Amino acid sequence: MNRPHVHINVAMTADGKIDSVARQGAAISSPLDMARVDRLRRDSDAILVGGRTLLEEDPRLTIKSPALRQERIALGLPENPAKVGIVSVADLKPDSRFLTTGAARKVIYTTSHTSPKQIARLRDAGAEVFIRGEVHVDLTAALDSLYDLGIRSLLVEGGGTLIAEFFRLGLADELTIYIAPKIFGGASAPTLADGPGFPLEHAPRLRLVSVETLDEGGGILVHYLIENKE
Ligand SMILES: NC(=O)c1ccc[n+]([C@@H]2O[C@H](COP(=O)([O-])OP(=O)(O)OC[C@H]3O[C@@H](n4cnc5c(N)ncnc54)[C@H](OP(=O)(O)O)[C@@H]3O)[C@@H](O)[C@H]2O)c1
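These numbers come from a predicted model, not from an experiment.

Engineer: What's the story with the sheet that holds strand 3 (residues 82-86) in this structure? I'm lost.
Structural biologist: The pairing of strands in a sheet comes from backbone hydrogen bonds and takes either a parallel or an antiparallel form. Pairing is mixed across the open sheet formed by nine strands, whose spatial order is 5-4-3-2-6-1-7-9-8. At either end of the open sheet lies a strand with only one pairing partner, and these are strand 5 (127-131) and strand 8 (205-213). Recorded for the sheet is a direction-independent mean angle of 20 degrees between the axes of neighbouring strands. Pairing of strand 2 (residues 46-50) with strand 3 involves five bridges; the strand directions are parallel. Within strand 3, the position partnered with Leu48 by the bridge is Val84.

Engineer: Honestly, the environment of Gly150 in this entry has me stumped. Any pointers?
Structural biologist: Mapped onto the elements of the fold, Gly150 is located in the loop between helix 6 (139-148) and strand 6 (153-156). The partly exposed category is assigned to Gly150, whose relative accessible area is 40%. Separated by 147 residues in sequence, Gly150 and Arg3 have C-alpha atoms that sit 9.9 Å apart.

Engineer: Please explain the site of the ligand as it appears in this structure.
Structural biologist: Every one of the 25 residues lining the ligand counts as a neighbour, but Asp19, Thr53, Glu57, Ser88 and Thr161 are closest to it. One of the backbone nitrogen or oxygen atoms of Ala11 is found 2.8 Å away from a nitrogen atom of the ligand. Thr53 places a side-chain nitrogen or oxygen 2.6 Å from an oxygen atom of the ligand. Taken by itself the ligand offers 930 Å² of open surface, and the protein chains cover 83% of this. Contributions of two or more residues to the shell around the ligand are made by strand 1 (5-13), helix 2 (51-57) and helix 7 (160-168). By residue class, the composition of the shell around the ligand is nine nonpolar, ten polar and six charged.

Engineer: Explain the pairing of strand 3 here, please?
Structural biologist: Where a strand is regular, its side chains alternate between the two sheet faces. The element strand 3 is largely enclosed, with a buried count of five among its five residues. Here strand 3 shows no split at all, with Ala82, Val84 and Ile86 on one side and Lys83 and Gly85 on the other all buried.

Engineer: Honestly, the nonpolar core in this entry has me stumped. Any pointers?
Structural biologist: One broad rule of soluble globular proteins: the nonpolar side chains tend to lie buried together. Of all hydrophobic cores here, the largest spans 32 residues; its most connected members are Ile8, Leu48, Leu146, Val156 and Phe166. Setting aside chain neighbours within four positions, we find Ile8 in contact with Val156, Ile163, Phe166, Phe167, Ala172, Glu174, Leu175, Thr176 and Ile226. If you look at the next biggest cluster of nonpolar residues, it comprises 14 residues, including Leu54, Ala90, Leu92 and Phe98.

Engineer: Just checking my understanding: could you explain helix 7 for this structure?
Structural biologist: Quick reminder: α-helices carry 3.6 residues per turn. Residues three or four places apart thus point the same way. Listing the buried residues of helix 7 in full gives Gly160, Leu162, Ile163, Ala164, Phe166 and Phe167. Gly170 lies just past helix 7 and shows a positive phi near 65 degrees.

Engineer: Could you clarify how one ought to interpret the pattern of salt bridges in this entry?
Structural biologist: Between side chains of opposite charge, a pair can form when the charged atoms approach closely. As enumerated under the stated definition, the model contains ten salt bridges in all. Here Glu157 ties to Arg41 by a salt bridge, and the two come within 2.8 Å at their closest N and O atoms. One end of the pair, Glu157, is in the loop between strand 6 and helix 7; the other, Arg41, is in helix 1 (residues 31-42), with 116 residues separating them in the sequence. Across this residue pair, the class does not change: Glu157 and Arg41 are buried. Overlapping salt bridges, with partners in common, bring together Arg42, Asp43 and Glu71 in one network.

Calculation criteria
Residues numbered from 1 in each chain as written. Predicted model: local features only at pLDDT ≥ 70, side-chain atom pairs only at ≥ 80, totals over all residues. Heavy atoms only, no water. Pairing = 2+ DSSP bridges. Helix = DSSP H or I, 4+ residues; strand = E, 2+ residues; numbered from the N terminus. Axes fitted to C-alpha atoms, helices over the stretch in contact; angles between N-to-C directions. Buried < 20%, exposed > 50% of the residue type's maximum accessible area, 1.4 Å probe, protein only. Near = heavy atom within 4 Å. Polar contact = N/O pair within 3.5 Å; in protein donor to acceptor, adjacent residues only side chain to side chain. Areas by Shrake-Rupley, 256 points an atom, 1.4 Å probe, with all protein chains shown as cover. Nonpolar A, V, L, I, M, F, W, Y, C, P; charged D, E, K, R; others polar. Core = buried A, V, L, I, M, F, W, Y, C linked by side-chain atoms within 4.5 Å. Contact = heavy atoms within 4.5 Å. Salt bridge = Lys/Arg side-chain N within 4 Å of Asp/Glu carboxyl O.

Right under this line is the structure:
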């Protein structure tokens, strides 16, 4: 199978939460971390998020810095990476930020539960829509398709359910985690890898590349390679 290089990036608290129990997209990143993520976006062909993040937070998924966008343009690249959503029922509003913010290719992988009417609406709003799966999106097929669309480097920005699936299927290569010096607590608050959990013998293994202090306030950045079994 052909697939892009997959880099997962998240911001989490010291207790492993990527949002609070309120699930309203709590701010975790610091300004320095946001600038780092902007550079990661500059270096990626596409940015991907899962269905709940897409529908509940409606992220823009664009490069914030005009200077970084200019760097891409100077290299003959599109101003922004492609935006990719993995969503079982693509109930996205045509005026959503995902569809309307910034000059970017928009790609949606969904299932046969998305109605033809919804698909037509998304296509009218400029999105490329692909059915890949019955109940959930077949991630392997979606990555294969992204490769066919010319995507070679993919930045996965959450949430925890989707990231767990990337791990389970052995589809991810790198992981960077910004760890904020905060505790959110709450058993139901989303974590870096949610879903049903892994049997111990299949627990994904990581190889540490680097740890660095990012902020004077105590935020750190950890970089791992993901050891996928062949
Ligand atoms: N701190 C960070 O870096 C960061 C980044 C992004 C998001 N977040 C947080 O993460 C939370 C959302 O995460 P989440 O785990 O609830 O949702 P998610 O990972 O964003 O989306 C998961 C949903 O996508 C759909 N889906 C379709 N095919 C799938 C597949 N093959 N594998 C996995 N999911 C598939 C499913 O929807 P159905 O259940 O409808 O079928 C699934 O529930 C929010 O609170 C958000 O703030 C944090």
